[in-house]
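What the coordinates show
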Amino acid sequence: MTATALRLNAFGLDNLSLEQIELPAPGPNDVLVELHAASLNYRDLMTVLGTYNPRMVLPRVPGSDAAGVVTAIGSQVTNFKVGDHVTSLFFQDWYDGPILPTTGKSALGGPIDGVFSTAHLFPEGGLIHAPAGYSHEEAATLPCSALTAWNALVEKGHLSAGQTVLILGTGGVSLFALQIAKAHGARVILTSSSDEKLARGRKLGADETINYRTTPDWDIEVFKLTAKRGVDHIVEVGGAGTLPRSLKAITPGGYIYLIGVLSEPGAGVDVLPILAKAIHLDGVYVGSRGMRTRLNAAIETNHIKPIIDRVFPLTQTREALAHLQSGSHFGKIVLSLRS
Ligand SMILES: NC(=O)c1ccc[n+]([C@@H]2O[C@H](COP(=O)([O-])OP(=O)(O)OC[C@H]3O[C@@H](n4cnc5c(N)ncnc54)[C@H](OP(=O)(O)O)[C@@H]3O)[C@@H](O)[C@H]2O)c1
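Conventions adopted
By convention here, each chain's residues receive numbers from 1 onward along its written sequence. Only residues with pLDDT of at least 70 get local features here, since the model is predicted, and only at 80 or more are side-chain atom pairs given and counted; chain-wide, interface and lining totals rely on the full set of residues. Side-chain descriptors were evaluated using all non-hydrogen atoms of the structure, hydrogens and water having been removed beforehand. Comment: axis = line fitted to C-alpha atoms, over the contacting stretch for helices; angle = value between 0 and 180 degrees taken between N-to-C directions. Secondary structure elements are defined from DSSP: runs of H or I of at least 4 residues count as helices, runs of E of at least 2 residues count as strands, and each element is numbered from the N terminus. Any angle that falls under 35 degrees is termed roughly parallel, while one over 145 is termed roughly antiparallel, one within 65 to 115 roughly perpendicular, and all others oblique. Note on convention: the crossing is left-handed when the near helix lies turned anticlockwise from the far helix by less than a right angle, right-handed when the turn is clockwise. When checking whether two residues touch, look at their non-hydrogen atoms; a contact exists if any pair is within 4.5 Å. A simple rule labels every residue: compare its accessible area, found with a 1.4 Å probe on the protein chains alone, to the largest value its type can have, and call it buried under 20%, exposed over 50%, or partly exposed in between. Residues forming no salt bridge and having over 30% relative accessible area are the ones grouped into patches, like charges within 9 Å of each other and nonpolar side chains (Val, Leu, Ile, Met, Phe, Trp, Tyr) within 5 Å. Methods summary: accessible areas were calculated by the Shrake-Rupley approach with a probe of 1.4 Å, and residue burial reflects only the protein chains presented. Whenever a carboxyl oxygen of Asp or Glu lies within 4 Å of a side-chain nitrogen of Lys or Arg, that contact is scored as a salt bridge. Only Phe, Tyr and Trp rings take part, Trp by its six-membered ring, and two of them pair if their centres are within 6.5 Å. Stacked means planes under 30 degrees apart, edge-to-face means over 60, and tilted covers everything else. For this description, a residue counts as near a given molecule or strand if any of its non-hydrogen atoms is within 4 Å of it. In the analysis that follows, any N or O atom pair within 3.5 Å is treated as a polar contact, provided that within protein one partner can donate a hydrogen and the other can accept it, and provided that, for residues neighboring in sequence, both atoms belong to side chains. Note that Gly is not counted as nonpolar here; it falls among the polar residues with everything else outside the nonpolar set of Ala, Val, Leu, Ile, Met, Phe, Trp, Tyr, Cys and Pro and the charged set of Asp, Glu, Lys and Arg. Segment limits for the domains were obtained from an automatic or database-derived domain assignment. When two components associate, each loses some accessible surface as probed by a 1.4 Å sphere; the sum of these losses over both components is called the buried area.

Considerations on the packing of helix 1 (residues 42-49) against helix 10 (residues 317-326)
Viewed as axis vectors pointing N to C, helix 1 and helix 10 meet at an angle of 110°, and their least axial separation amounts to 10 Å. With respect to each other, helix 1 and helix 10 are oriented roughly perpendicular. Remark: the crossing between helix 1 and helix 10 carries left-handed chirality. In contact with Tyr42, Asp44, Leu45, Val48 and Leu49 of helix 1, helix 10 contributes Leu321, Leu324 and Gln325.

See below:
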């Protein structure tokens, strides 16, 4: 079988080209999927620009997140049948339990070819069913950003009703974190560079909002909003530039999830508050199949639907990545692989 795949031949947005690739017939444990939609993550932009892993071997098909329909299965496959609606898993072999030194080697669209393609051959363990009632576009948003937000707040943080969550920004990870936090009965403080995005965030359930451009001392504002207590959880997508303020905004014993690297490096991190406030500083790397199974159940029970900013055809992936780079999006950017 052949597929049309987007190949990165050299680093740079102008070095992506659509090419025909041959897919082998499924081996005993493989599943062939006709892919209908994919979604973009900030990592895909970094991968294409060469800042994610400057030593990545090229050419490479980028993309970790896609959804589609099973068209063929190997003789030993038990979890899937032809016609099933499925999504990729970010890690092709992290089933459950703790992350291992080898887990990162099975990440789609990095060390191995990804899913910006009209079809892909997966090992059975590299796929999961799409939530009931989800379109392919919706299902394609889940593998990376939704699972990262879920792993942070629920698997690591055991978020409970009445706690306060600070969420930085309104990108893919952040809006899933908002929806997951509200589904758990938490209070959400959302930040953004845009008042218009903050208004949209309030419609999605954010209780309080702060514009981090017009209020650069947003940690002080968080303190005011929490009667000087600080928040219980912070979804930290900014990295070195925002962490010093997050360390001020967190309550003693609270959880900061280190997820992203969006901000410019700051002046350096003062480690004293980490020990003096007994802060849980927890790195998050997407999540396992087991976590995704629990996320799917929560999505179906709470009727969570992803926030899709725009859908681009596969032929306009360059424009879609440039849109992501502009930071003007709200939620997820999706690629339609069939138009
Ligand atoms: N560790 C992991 O497993 C994992 C998984 C997924 C993503 N990530 C990382 O998490 C980050 C977010 O990924 P994403 O895919 O959600 O990105 P995205 O959809 O492109 O979201 C970017 C948004 O973050 C906000 N932002 C940018 N700079 C900020 C700053 N200095 N302070 C606060 N907010 C800021 C902006 O929101 P506004 O426009 O509202 O200001 C921007 O639109 C990236 O660094 C990505 O690499 C890590």
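Examining the environment of Pro273
Looking at the element boundaries, Pro273 is found in helix 8 (residues 272-276). Using a relative accessible area of 21% as the deciding quantity, one classes Pro273 as partly exposed. Once the C-alpha coordinates of Pro273 and Ala66 are considered, the two residues, 207 residues apart in sequence, prove to be 40 Å apart.

Brief notes about a nonpolar patch on the surface
On the surface, Val269, Val271, Leu272 and Leu275 cluster together into a nonpolar patch covering about 380 Å² of accessible area. Its location among the elements puts Leu272 in helix 8. Note on Leu272: relative accessible area 52%, which makes it exposed.

Details of the packing of aromatic side chains
In total, this model carries 5 aromatic pairs according to the counting rule given. An aromatic cluster is built from Phe90, Phe91, Trp94 and Tyr285, whose rings are joined through pairwise contacts.

Side note on the site of the ligand
Among the 27 residues in the neighbourhood of the ligand, the closest are listed as Thr170, Ser192, Lys197, Tyr212 and Val284. A distance of 3.1 Å is found between a nitrogen atom of the ligand and a backbone nitrogen or oxygen belonging to Ile259. Between the ligand and Val284, the relevant distance is 2.7 Å, taken from a nitrogen atom to a main-chain nitrogen or oxygen of the residue. Every element with two or more residues in the shell around the ligand is listed here: helix 3 (142-156) and helix 4 (172-183). Grouping the amino acids of the shell around the ligand by side-chain chemistry returns 13 nonpolar, 13 polar and 1 charged. Two domains each put at least three residues into the shell around the ligand: domain 1 (2-141 + 306-336) and domain 2 (147-283).

Considering unusual backbone geometry
With omega at 0°, the peptide bond leading from Leu58 into Pro59 counts as cis. Within the element layout of this structure, Pro59 appears in the loop between helix 1 and strand 4 (65-73). One non-glycine residue, Ala227, lies in positive phi territory at about 50°. By the element assignment, Ala227 lies in the loop between helix 6 (218-225) and strand 11 (231-236). Look at Ala227 and you get exposed, because its relative accessible area is 68%. Its identity is not glycine, yet Ala278 carries a phi of approximately 50°, on the positive side.

Quick notes on the packing of helix 3 against helix 4
At a minimum axis distance of 8 Å, the contact between helix 3 and helix 4 shows a crossing angle of 50°. Taken as axis vectors, helix 3 and helix 4 run oblique relative to one another. Seen from above, helix 3 lies across helix 4 with right-handed handedness. Mapping the contact onto sequence places Leu142, Ser145, Ala146, Thr148, Ala149, Trp150, Leu153 and Val154 in helix 3 and Gly172, Val173, Phe176, Ala177, Ile180 and Ala181 in helix 4.

Focus: the pattern of salt bridges
For the structure on display, the rule yields 15 salt bridges. The closest approach of N and O atoms between Glu196 and Arg200, which form a salt bridge, is 4.0 Å. Placement of both Glu196 and Arg200 in helix 5 (residues 195-203) is noted, with a separation of 4 residues, approximately one turn of the helix. Here the residues in one salt-bridge network are Asp217, Asp219 and Arg245, joined through shared partners.

Brief notes about the domain arrangement of the protein
Domain assignment breaks the protein into domain 1 (2-141 + 306-336) and domain 2 (147-283). Here domain 1 and domain 2 have C-alpha centroids that lie 28 Å from each other. Facing 11 residues of domain 1, the contacting portion of domain 2 comprises 12 residues. Here domain 1 packs against domain 2, burying approximately 990 Å² in sum over the two surfaces, 71% of which is carbon and sulfur. Between domain 1 and domain 2 we count 0 salt bridges in total. Counting across the interface, domain 1 meets domain 2 through 3 residue pairs in polar contact (both at pLDDT 80 or more).

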